[in-house]
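Structure assessment
The primary structure of each chain is shown beneath.
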Number of protein chains: 2
Amino acid sequence: MTPAARPLRLSTADAGFEAAFQARLHWSEETDAGVEQTVAGILADVKRRGDDAVLEYSNRFDAVGAASLGELELPASELQAAFAALPAPQRSALEQAAARVRRYHEAQKKASGESWSYREADGTLLGQKVTPLDRVGIYVPGGKAAYPSSVLMNAIPAQVAGVPEIIMVVPTPRGEKNLLVLAAAHLAGVTRVFRIGGAQAVGALAYGTATVPRVDKITGPGNAYVASAKRRVFGQVGIDMIAGPSEILVLADGSTPPDWVAMDLFSQAEHDELAQSILLCPDVGYIGRVQAEIDRLLPAMPRAQIIAKSLSGRGALIHTRSMEEACEISNRIAPEHLEIASSEPSRWEPLLRHAGAIFLGSFTSESLGDYCAGPNHVLPTSGTARFSSPLGVYDFQKRSSLIEVSEAGARSLGPIAAELAYGEGLQAHARAAEMRYKG
Amino acid sequence: MTPAARPLRLSTADAGFEAAFQARLHWSEETDAGVEQTVAGILADVKRRGDDAVLEYSNRFDAVGAASLGELELPASELQAAFAALPAPQRSALEQAAARVRRYHEAQKKASGESWSYREADGTLLGQKVTPLDRVGIYVPGGKAAYPSSVLMNAIPAQVAGVPEIIMVVPTPRGEKNLLVLAAAHLAGVTRVFRIGGAQAVGALAYGTATVPRVDKITGPGNAYVASAKRRVFGQVGIDMIAGPSEILVLADGSTPPDWVAMDLFSQAEHDELAQSILLCPDVGYIGRVQAEIDRLLPAMPRAQIIAKSLSGRGALIHTRSMEEACEISNRIAPEHLEIASSEPSRWEPLLRHAGAIFLGSFTSESLGDYCAGPNHVLPTSGTARFSSPLGVYDFQKRSSLIEVSEAGARSLGPIAAELAYGEGLQAHARAAEMRYKG
């Protein structure tokens with residue numbers, strides 16, 4: 001029997017709203033001392049013993065039964081074969097998704113990832129050179145959370161950025177490979193694939209071993225061990241954000257069919273029990289119709305158990321005084337996914353300051369964005385959209401300032417630099433500037 | 001008596017080069033368990049007790065003798081007065097530097113920090129909206145490393161990004177204020193200043209207290225306690241990179257006066273004993289002339305002791321086979337500051353893939369870039385230029401993807417998303433897409 005999915009009903013007009021709202025939003029990543037200690041030990045071991053350590057942990061945790069780390073590399077031919085073996089509709093969908101994701105990220109690179117400079121009247125040149133990273137690592141989870149779409153979303157921006165080497169790691173517990181994941185790796189231009197995972201894979205990518213090359217940045221989702229390992233190697237290599245549970249917030253003015261909205265809430269909730277789905281709407285009757293659709297549609301969902309737990313445990317249907325108030329609450333949440341289920345989405349979009357991705361209008365289901373609209377589906381969670389951005393081409397590039405001061409420029413800038421350097425007590429700084437114009 | 005400054009002499013042609021080179025480069029941030037424990041305690045206390053905790057630690061560590069946290073806020077009038085009281089040449093230098101830094105960052109915003117979008121044939125719109133952070137915190141060290149130029153370099157990009165509130169914290173041990181720092185805060189458009197520092201200041205900014213508002217990101221340098229606190233609050237708020245010792249690498253073809261290069265090496269070395277200055281040059285005679293200038297110039301430097309320790313302990317003069325080889329070695333180091341002391345800097349610049357800032361040609365001393373050329377002086381250290389960038393306007397902005405799928409778009413994209421979602425076992429994702437075209 002399907003359990004009921006009953007998101008918390010709240011109204012901003014209620015006296016207890018603020019406390020109940022805060023309690024529902026609350027989520028904090030627990031740091032597990034056992035995980036931390038295990039990960040610290042694995043990383044130190046990988047740093048010291050390289051291949052041998054990675055091989056041992058892979059045999060122990062993933063039961064891959066390998067005699068050498070080299071055995072765990074998948075040849076390009078195997079990726080290609082996985083791609084060729086896909087049923088035609090799946091292959092075509094993957095190709096079309098990849099092409100759209102590529103086009104979007106090419107536009108992103110053009111809009112914000114090109115080198116620039118300007119020259120001043122005296123010949124001084126200032127600017128910034130934008131270059132791709134040399135080599136990046138992409139972590140792809142094995143098991144139930146093995147998503148081929150994530151391979152596309154991590155590898156394609158790196159490829160568009162111009163990264164020459166993309167190293168993918170993916171654990172294969174008991175040797176089980178996910179063919180869709182391998183096909184996606186082929187399509188997305190991944191350079192090499194190793195069947196390793198966990199903290200040992202993160203360590204191998206961060207420090208390099210005889211077999212696994214050291215990378216400059218590691219992106220991609222993982223479990224608590226992977227997240228802990230990424231935090232620990234940060235600084236040694238770059239990392240993307242550590243993701244929390246996935247979230248959707250739907251702002252509804254009542255013009256979108258309520259069953260569409262119910263299914264959008266489901267699509268977030270089906271990820272896992274900690275996923276959060278919230279509806280904000282000024283029309284209390286509409287909220288009731290969405291709840292009715294939730295009740296009607298839930299029994300047919302294969303993942304009904306997870307959806308029910310997620311919606312009942314972390315979901316909320318919030319009645320607001322107005323759409324304006326709904327926008328203000330959305331800004332406080334800074335959601336990962338923000339749907340404007342409205343007939344006039346452009347009216348509300350300018351009021352929305354923080355969100356990973358904004359889905360405008362009734363036809364834009366979050367799931368279109370997850371797979372194939374083009375923008376990245378790796379988005380900031382847990383309110384981090386206040387200060388961070390979707391994964392993008394910019395995450396696989398870095399910038400170097402360019403400064404070429406002319407002889408005339410050294411004469412005009414030197415005295416300014418010298419004055420400030422003396423003020424800070426840094427005389428060599430001052431003298432280095434002065435020598436260029438005083439001799 | 002001035003001690004000798006004798007950077008390590010190496011030649012890439014020597015058999016032992018690789019090992020000696022690696023040993024000289026080696027630097028690893030030690031994690032001090034005592035610091036970690038202290039910081040964890042302070043942060044937890046600030047989170048729990050807010051103002052009271054921050055006040056207690058400030059009185060204990062900085063001896064500020066305050067009765068409330070409110071007393072430790074500096075009014076805008078005091079910043080303005082500090083600015084007005086500066087000697088005219090200093091005020092003018094600070095103003096000119098600020099204006100140039102502002103102009104550069106405005107160009108940066110225009111080149112890479114504006115919203116963009118495109119519309120497809122069927123009306124679907126895709127793009128990215130770029131918005132400033134709501135509120136940022138800038139940490140400014142007190143004591144010997146109190147640099148007004150750092151205030152400009154942190155606050156101006158935030159202001160150019162459009163951040164409405166910039167909160168600065170700066171400890172004032174025993175109540176001592178640095179007037180240049182306060183003047184710079186006035187000039188750079190800092191919104192509020194609190195005389196607090198250490199882990200307690202980082203905690204106050206990250207969690208917010210009754211008096212100190214919670215920010216979205218914290219930038220700026222600090223000691224080991226501040227660095228540890230920033231690492232710990234990362235995720236709760238954004239942070240910039242944790243900086244290691246400062247470094248300069250000079251690529252010289254022998255055409256720059258050797259005393260200029262010697263002084264540039266000094267200007268890095270005078271920061272502290274761990275700072276690293278390296279010269280790469282294919283002309284062994286020129287290397288000798290630079291060493292001679294080091295010997296000649298050192299005794300007149302007020303910070304000669306620090307310079308000598310830094311150059312002898314961490315500096316290197318490396319004879320390379322060619323400029324090309326020098327460029328390749330520079331890429332392995334990925335230096336914070338990279339000077340091309342050459343008559344043809346544009347010939348070598350394209351070969352240089354990793355650096356925080358590249359200073360082209362003999363007239364471009366690093367110190368001009370540190371203070372007033374315009375580019376930011378907050379740069380990636382310790383080889384992190386492999387994957388990270390100078391502080392910039394982009395650090396004070398975030399991006400939200402924009403997706404508006406038209407009715408026709410939902411018909412063409414829906415089947416692709418559904419196919420992939422079924423492949424990943426996410427049926428609600430598939431149904432949400434299908435409902436938009438199948439009803």
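Residues numbered from 1 in each chain as written. Chains lettered and ligands numbered in written order. Predicted model: local features only at pLDDT ≥ 70, side-chain atom pairs only at ≥ 80, totals over all residues. Heavy atoms only, no water.

Rotating chain A by 180 degrees and moving it 0.0 Å along the rotation axis overlays it on chain B with an RMSD of 0.0 Å. Taken together, the rotation angle and the small translation identify this as a two-fold axis. In terms of C-alpha distance to the rotation axis, chain A has A:Ser112 as its closest residue, with the C-alpha 2.0 Å off the axis. Comparing interface residues between copies, 100% of those in chain A also sit at the interface in chain B, which points to an isologous, same-surface contact. (Least-squares fit on C-alpha atoms with pLDDT ≥ 70 in both. Contact = heavy atoms within 4.5 Å.)

To continue, consider the UniProt feature "binding site: substrate" (unreviewed entry) in chain A. The UniProt record marks A:Ser246, A:Gln268, A:His271, A:His337, A:Asp370, A:Glu424 and A:His429 with the feature "binding site: substrate" (unreviewed entry), using the residue numbering of this structure. For the annotated residues, spread through 184 residues, the largest C-alpha to C-alpha distance comes to 55.9 Å, inconsistent with a single compact locus. Structurally, A:His271 is set in the loop between helix 10 (258–269) and strand 11 (276–281). The class for A:His271 is partly exposed, based on a relative accessible area of 22%. Not counting chain neighbours up to four residues away, the residues in contact with A:His271 comprise A:Tyr147, A:Ser246, A:Arg303, A:Ile306, B:Leu426 and B:His429. Relative to the helices and strands, A:Glu424 resides in the loop between helix 16 (407–423) and helix 17 (427–438). Sequence-distant contacts of A:Glu424, that is, excluding residues within four places in its chain, are made with B:Tyr147, B:Pro148, B:Ser149 and B:Tyr371. (UniProt positions renumbered as here; feature names shortened; annotations may be inferred. Helix = DSSP H or I, 4+ residues; strand = E, 2+ residues; numbered from the N terminus. Buried < 20%, exposed > 50% of the residue type's maximum accessible area, 1.4 Å probe, protein only.)

Turning to the side chain of A:Ser228, a few remarks are in order. Residue position: A:Ser228 is located in helix 9 (residues 224–233). Look at A:Ser228 and you get buried, because its relative accessible area is 3%.

Scanning all chains against the criterion turns up 11 aromatic pairs over all chains. Ring centres 5.2 Å apart and planes at 40 degrees place the aromatic pair A:Tyr104 and B:Trp116 in the tilted group. Here A:Tyr104, found in helix 5 (residues 88–112), pairs with B:Trp116, found in strand 3 (residues 116–119), and the two come from separate chains. A:Tyr104 gets classed as buried once you look at its relative accessible area, which sits at 1%. An aromatic cluster of at least three residues, connected via ring pairs, comprises A:Tyr104, B:Trp116 and B:Tyr118. The ring of A:Phe61 is capped by A:Arg60, whose NZ or CZ atom sits 5.7 Å from the centre of that ring. (Phe/Tyr/Trp six-rings, centres within 6.5 Å; stacked < 30°, edge-to-face > 60°. Lys NZ or Arg CZ within 6 Å of the ring centre and 35° of its normal.)

It is worth spelling out the pattern of salt bridges at this point. Any two side chains of opposite charge can pair, given that their charged atoms come close. Summed over all chains, the structure comprises 48 salt bridges over all chains. For the salt bridge of B:Lys177 with B:Glu78, the shortest nitrogen-to-oxygen distance reads 2.6 Å. Here the residue B:Lys177 occupies a position in the loop between strand 6 (165–169) and helix 7 (179–188), and B:Glu78 occupies one in helix 4 (residues 76–84), the gap between them amounting to 99 residues. In this structure, B:Arg347 and B:Glu324 form a salt bridge, with 3.8 Å as the shortest nitrogen-oxygen distance. Taken together, the positions of B:Arg347 in helix 14 (residues 345–348) and B:Glu324 in helix 13 (residues 323–333) put the pair 23 residues apart, joining distant regions of the chain. By relative accessible area, which is 45% here, B:Arg347 ends up partly exposed. Note on B:Glu324: relative accessible area 39%, which makes it partly exposed. Shared partners join several salt bridges into a network, and the residues in it are A:Asp45, A:Arg48, A:Arg49 and A:Glu56. (Salt bridge = Lys/Arg side-chain N within 4 Å of Asp/Glu carboxyl O.)

Listed per partner, the contact involves 114 residues of chain A and 114 residues of chain B. At the boundary of chain A and chain B, one finds 12 salt bridges. Inspection of the region where chain A meets chain B yields 64 residue pairs in polar contact (both at pLDDT 80 or more). Across the side of chain A that touches chain B, the residue classes break down as 57 nonpolar, 31 polar and 26 charged. When strand 15 (residues 397–404) of chain A meets strand 14 (residues 357–360) of chain B, the two strands line up parallel, connected through 3 bridges. Counted as the bridge partner of A:Leu402 is B:Ile358 from strand 14 of chain B. (Polar contact = N/O pair within 3.5 Å; in protein donor to acceptor, adjacent residues only side chain to side chain. Nonpolar A, V, L, I, M, F, W, Y, C, P; charged D, E, K, R; others polar. Pairing = 2+ DSSP bridges.)

This part takes up the sheet that holds strand 7 (residues 192–194) of chain B. All names here are of chain B. Reading across from one edge, 2-7-6-5-8-9 is the order of the 6 strands in this open sheet, with mixed pairing throughout. Each end of this open sheet is capped by a strand with a single partner; those strands are strand 2 (73–74) and strand 9 (238–239). Pairing analysis gives 2 bridges linking strand 8 (residues 217–219) to strand 9, with the strands arranged parallel. Bridge pairing in strand 9 links Lys217 to Gly238. Its contacts with the sheet place helix 8 (residues 198–207) against strand 5 (135–139), strand 6 and strand 8, and it is angled at close to 175 degrees to strand 5. (Axes fitted to C-alpha atoms, helices over the stretch in contact; angles between N-to-C directions.)

It is worth spelling out the domain arrangement of chain A at this point. Bring the parts together and some accessible area is lost; that lost area is often taken as the interface size. Splitting chain A by domain gives domain 1 (8–27 + 244–373), domain 2 (33–239) and domain 3 (405–438). When each unit is reduced to the centre of its C-alpha atoms, the spacing between domain 1 of chain A and domain 3 of chain A is 57 Å. (Domains from an automatic or database assignment.)

All right, on to the sheet that holds strand 10 (residues 247–252) of chain B then. Read from one edge to the other, the open sheet built from 9 strands follows the order 3(A)-4(A)-15(A)-14(B)-13(B)-10(B)-11(B)-12(B)-1(B), with strand pairing classed as mixed. Where the open sheet ends on each side, the last strands, each with one partner, are strand 3 (116–119) of chain A together with strand 1 (8–11) of chain B. Mean inter-strand twist for the sheet, computed between neighbouring axes without regard to direction, equals 20 degrees. The sheet contact formed by strand 11 (residues 276–281) of chain B and strand 12 (residues 316–319) of chain B spans 4 bridges and is parallel. Looking at strand 12 of chain B, one finds that B:Cys281 is bridged to B:His319.

Glancing now at the UniProt feature "active site" (unreviewed entry) in chain A. Residues and elements named next belong to chain A. In the numbering adopted here, UniProt assigns the feature "active site" (unreviewed entry) to Glu336 and His337. Position of Glu336 among the secondary structure elements: in the loop between helix 13 (323–333) and strand 13 (337–341). With residues up to four places along the chain from it excluded, the contact list for Glu336 reads Pro245, Ser246, Glu247, Ala355, Gly356, Ala357, His377, Leu379, Pro380 and Thr381. Engagement of the side chain of Glu336 in a polar contact is seen with the backbone nitrogen of Glu247, the distance being 2.9 Å. Locating His337 in the fold gives a position in strand 13. The exposure class assigned to His337 is buried, which follows from its relative accessible area of 3%. With residues near it in sequence (within four places) discarded, His337 still touches Ser246, Glu247, Ile248, Leu249, Gln268, Ala357, Phe359, Glu366, Asp370 and Leu379. Within the local environment of His337, its side chain forms a polar contact with the backbone oxygen of Glu247, the two atoms lying 2.8 Å apart.

On to the pairing of strand 10 (residues 247–252) of chain A. All names here are of chain A. Within strand 10, 6 of the 6 residues are buried, which leaves the element mostly enclosed by the surrounding structure. Judged by which residues are buried, strand 10 turns out to be covered on both faces: Glu247, Leu249 and Leu251 on one side and Ile248, Val250 and Ala252 on the other are all buried. What joins strand 10 to strand 11 is helix 10, and the crossover it makes is right-handed. Pairing analysis gives 5 bridges linking strand 10 to strand 13, with the strands arranged parallel. Note on strand 13: the bridge partner recorded for Leu251 is Ile340. (Right-handed = clockwise from strand over helix to strand, strands pointing away.)

Next up on the list: the packing of helix 5 of chain A against helix 16 (residues 407–423) of chain B. The contact between helix 5 of chain A and helix 16 of chain B brings their axes to 9 Å, and the two run at 115 degrees. In terms of crossing hand, the pair formed by helix 5 of chain A and helix 16 of chain B is left-handed. Counted together, A:Pro89, A:Gln90, A:Ala93, A:Leu94, A:Gln96, A:Ala97 and A:Arg100 of helix 5 of chain A and B:Leu413, B:Ile416, B:Glu419, B:Leu420 and B:Gly423 of helix 16 of chain B form the full contact between these two elements. Taken together, the residues of the contact of helix 5 of chain A with helix 16 of chain B break down into 7 nonpolar, 3 polar and 2 charged. (Left-handed = near helix turned anticlockwise from the far one by under 90°.)

The next thing to look at is the environment of B:Ile242. Residue and element names in this part refer to chain B. Its location among the elements puts Ile242 in the loop between strand 9 and strand 10. Relative accessible area serves as the criterion here: at 15%, Ile242 is assigned to the buried category. The sequence separation of Ile242 and Arg303 amounts to 61 residues, and the corresponding C-alpha distance is 26 Å. Ignoring anything within four residues of it in the chain, the contact list for Ile242 reads Glu29, Ala227, Lys230, Arg231 and Thr381.

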